[in-house]
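Structural description and commentary
These are the residues of each chain, in order.
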Amino acid sequence: MTTLRPFTCDDLFKFNNNLDPLTETYGIPFYLQYLAHWPEYFIVAEAPGGELMGYVMGKAEGSVAREEWHGHVTALSVAPEFRRLGLAAQLMDMLEEISEKGGFFVDLFVRVSNQVAVNMYKRLGYSVYRTVIEYYSASNGEPDEDAYMRKALSRDTEKKSIIPLPHPVRPEDIE
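On a predicted model such as this, the values are computed, not experimentally measured, just so you know. (Residues numbered from 1 in each chain as written. Predicted model: local features only at pLDDT ≥ 70, side-chain atom pairs only at ≥ 80, totals over all residues. Heavy atoms only, no water.)

A few words now on the packing of aromatic side chains. Overall, the coordinates contain six aromatic pairs when judged by the stated rule. A ring pair is formed by Phe7 and Phe42, whose centres lie 5.6 Å apart and whose planes are at 75 degrees; its orientation type is edge-to-face. Placement of Phe7 in the loop between strand 1 (3–6) and helix 1 (28–37) and of Phe42 in the loop between helix 1 and strand 2 (43–46) is noted, with a sequence separation of 35 residues between them. Using a relative accessible area of 6% as the deciding quantity, one classes Phe7 as buried. Given a relative accessible area of 2%, Phe42 falls into the buried group. Relative to Tyr55, the ring of Phe7 has its centre 6.3 Å away and its plane inclined at 75 degrees; by these criteria the two rings are edge-to-face. (Phe/Tyr/Trp six-rings, centres within 6.5 Å; stacked < 30°, edge-to-face > 60°. Helix = DSSP H or I, 4+ residues; strand = E, 2+ residues; numbered from the N terminus. Buried < 20%, exposed > 50% of the residue type's maximum accessible area, 1.4 Å probe, protein only.)

See the structure below:
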């Protein structure tokens, strides 16, 4: 039986970098800062033996006055041996439920080349809101990669938060 529970500091030592190579890896101080500020946005899927199956990490940010308060997915990762069980969808549902408390939308960045993830997010109701040019740094001589995706929440009754921007933006243009 899978247990979905709050993330703890000890969980940082249960995964080596990330559970998959396409999830961005940050330093422990970054994770600890986010965990201290937004603990409700950190959720772990754990196997009966205590093995880490997957996790989602996020935060809340934006402006309520401009109807831009939202949840942001910092990282979502499921170990290869636990994929196709619906864990990513369950973790995203929990993050979206937390974001519903005052948020207008949930956004995330995903590499445009990661079609498996892009298609999963589309099945979960996410759409391309804007393209962020060269959001991800390249490695191994490959070009930098663009990123995107967003999903409106119930507070955004007119779905204004997901009206696509007509032009791409650069990382430094993101508020």
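Attention shifts here to the sheet that holds strand 7 (residues 145–152). Pairing in this open sheet of seven strands is mixed, and the strands run 1-2-3-4-5-7-6 from one edge to the other. Each end of this open sheet is capped by a strand with a single partner; those strands are strand 1 and strand 6 (132–136). Here the average twist between neighbouring strands, direction ignored, is 35 degrees. Where strand 1 meets strand 2, four bridges bridge the pair, whose relative direction is antiparallel. Considered in strand 2, the bridge of Pro6 is made with Ile43. Packing against the sheet, helix 3 (residues 115–123) makes contact with strand 4 (70–78), strand 5 (105–111) and strand 7, and its axis sits at approximately 160 degrees to strand 5. (Pairing = 2+ DSSP bridges. Axes fitted to C-alpha atoms, helices over the stretch in contact; angles between N-to-C directions. Contact = heavy atoms within 4.5 Å.)

This part takes up the pattern of salt bridges. Inspection of the entire model under this criterion finds seven salt bridges. Taking the shortest distance from any N to any O, the salt bridge between Asp11 and Arg5 comes out at 2.7 Å. Arg5 shares its class with Asp11; the two are buried. Arg5 is the partner of Glu46 in a salt bridge, and the nearest nitrogen-oxygen pair spans 3.1 Å. Taken together, the positions of Glu46 in strand 2 and Arg5 in strand 1 put the pair 41 residues apart, joining distant regions of the chain. As far as the burial class goes, Glu46 and Arg5 line up, both buried. Because the salt bridges share partners, they merge into one network encompassing Arg5, Asp11 and Glu46. (Salt bridge = Lys/Arg side-chain N within 4 Å of Asp/Glu carboxyl O.)

Another point: a nonpolar patch on the surface. Taken together, the side chains of Phe13, Ile28 and Leu32 make up a nonpolar region of the molecular surface, amounting to roughly 290 Å² of accessible area. Within the secondary structure, Leu32 is located in helix 1. (Patch = residues over 30% accessible without salt bridge, like charges linked within 9 Å, V, L, I, M, F, W, Y side chains within 5 Å. Areas by Shrake-Rupley, 256 points an atom, 1.4 Å probe, with all protein chains shown as cover.)

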